Amino acid sequence: MEPKWKIVRGTIISPISDKKSKCYPNGVLILKKYSNGYRIEELGAEKILENYQGLRSVEVLDFGSKVIIPGLLDLHFHWVQDDVRDKPKDNLLKWLENHTWPAESKFKNLAYTKKKAKSFSQSLIKNGTLGGACYGSIHAHSVDAAFKEFVGDFFIGNVLMTMNSPDYLLQTKKQAKSLVEKLAMKYRRRYVVTPRFAPTTDEDVMRFGSSIQKKTNCLIQSHLCETENEIEWVLSIFRERKGFEDVKSYSDIYQRVGLLGENTIMGHGIHLSAEDRKILRRTRTAVAHCPTSNAPKNKRGLGSGLFDFKQANKDRIEWGLGSDIGAGPFLSMLDVMKSFVEQNKGCKHATYVSALYRATLKNAQILKIDNRVGDFAFKKEANFNVLNFECSKKSAQSVLEELFKSVSSRKGFEELIDQTVYQGRVL
Ligand code: GUN
Ligand code: FE
């Protein structure tokens, strides 16, 4: 029988904002059992243990001075792109055509898809990722298999590709719409309407997706302003179409088909014009910033550019961090956090405290699950990672700086995860 209470001990960090995290060296996390798993009863310093003396059914999990952080959330990744992480990345459009689309077409096979979903689920756990917004392939079973296997708060959609796509991935508009309807009704809020991006999705399919979002209150995700030649391409396609002749920006295309809003997450947003930014702000659309995917080629990214997070903050555009597997080379959100800080070296706002917030609580807010996850507040689910790193410093920024300094290779981030705990149970 599971105990009613669990007491977790370690150096515990709980994010608050870009500027602040709570940090308790020799800290204590009290977990209480509910019908669907353990939740946080209290976080604090050692002395809070006095309030819990005499508990009967209790298990102590003492991790010494190992660092403990909340479960990581990934705001943008393609689970069907695990095999193209290391393929040559000339630029976005060539990489899609030559490597990514052929790899995604393999998911037509159900047995292959099921097998891949099992192993990808293990990779998520090993990297401490317990939720996020995820892209499948065009195939409905790429969504079903992922929902079946992934442990945590995942929101998943099948990509919609009804034009400018290779024959082997091209859907008719009717097929695309009927899949959206079927899967949205099946998974409701957990489903994500996922036009791959405007260049490959007809306007009436995007409009249909928007109408389904309104019915189910699900999320919407797509890509926006990742590279300059993508922007030129999308504008040239849509300016020839009725109702889009005078379209001024990439965002305006999504706006006209009703895809933008506070349930929408747009990947990248690197090359945003002033009009794009105004539209994102006005519609409260969020951006998923994927620093390792956008990184220069010598850092194994697509070389798409640097997201201007300071401008986004000034414009009050919501944004969080994502791995963008497989344009991003590693699944670890710790790797993503480190790249965010390093790419913005010299900027005093790009701190590890901010990176942690953007990979946990902020992403929970954007996914609208911050009432349940994202930090160690009272009654939230006991989702956390115990890291293979000991530190008793008092400030979160110092602990995190030491932690990231200790990792010598990018592959090392997986080894940094000692245990991943979901709803109070070790996975
Ligand atoms: N734009 C359209 N599809 C994709 C994709 O799969 N990855 C990235 N990074 N950008 C895209
Ligand atoms: Fe992507």
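In case you missed it, the structure is sitting above this.
Residues numbered from 1 in each chain as written. Chains lettered and ligands numbered in written order. Predicted model: local features only at pLDDT ≥ 70, side-chain atom pairs only at ≥ 80, totals over all residues. Heavy atoms only, no water.

Let us look at the coordination of the iron ion (ligand 2). For a metal bound by four donors in a tetrahedral arrangement, the ideal donor-metal-donor angle is 109.5 degrees, while six donors in an octahedral arrangement ideally sit at 90 or 180 degrees. Donor atoms from the polypeptide that coordinate the iron ion (ligand 2) comprise H76 (NE2), H78 (NE2), H223 (NE2) and D324 (OD), at 2.1 to 2.3 Å from the metal. Geometry at the iron ion (ligand 2) is irregular, judged from its four donor atoms and the angles of 88 to 169 degrees they form at the metal. (Donors = N, O, S within 2.8 Å, 3.2 Å for Na, K, Ca; no water. Tetrahedral: all angles 85-135°; square planar, octahedral: opposite > 155°, others 65-115°.)

Near ligand 1 the following residues occur: H78, Q81, L92, W95, L96, R196, F197, H223, E226, H268, D324 and A327. Within the contact set of ligand 1, a nitrogen atom lies 3.5 Å away from a side-chain nitrogen or oxygen of H223. Between ligand 1 and E226, the relevant distance is 2.7 Å, taken from a nitrogen atom to a side-chain nitrogen or oxygen of the residue. Here ligand 1 loses 100% of its free accessible area of 280 Å² to cover by the protein chains. A per-element tally of the shell around ligand 1 places helix α1 (residues 92–105) first, with three residues. Counted by class, the shell around ligand 1 contains five nonpolar, four polar and three charged residues. (Near = heavy atom within 4 Å. Polar contact = N/O pair within 3.5 Å; in protein donor to acceptor, adjacent residues only side chain to side chain. Areas by Shrake-Rupley, 256 points an atom, 1.4 Å probe, with all protein chains shown as cover. Helix = DSSP H or I, 4+ residues; strand = E, 2+ residues; numbered from the N terminus. Nonpolar A, V, L, I, M, F, W, Y, C, P; charged D, E, K, R; others polar.)

Here we come to the side chain of K116. Mapped onto the fold, K116 is located in helix α2 (residues 110–126). In this structure the side chain of K116 is engaged in a polar contact, spanning 2.7 Å, whose partner is the side chain of D83. Once residues within four sequence positions are removed from consideration, K116 is found in contact with W79, D83 and F107. (Contact = heavy atoms within 4.5 Å.)

What follows covers the sheet that holds strand β7 (residues 153–157). The sheet built from three strands is open, its strands ordered β5-β6-β7 with parallel pairing. Each of the sheet's edge strands pairs with one partner strand only, and the pair in question is β5 (72–78) and β7. In this sheet, adjacent strand axes meet at a mean angle of 15 degrees when their direction is disregarded. The pairing of strand β6 (residues 129–135) with β7 spans five bridges and is classified as parallel. Within β7, the residue paired with Y135 across the bridge is G157. Across the sheet, helix α11 (residues 333–343) is in contact with β5 and β6; its angle to β5 comes to roughly 90 degrees. (Pairing = 2+ DSSP bridges. Axes fitted to C-alpha atoms, helices over the stretch in contact; angles between N-to-C directions.)

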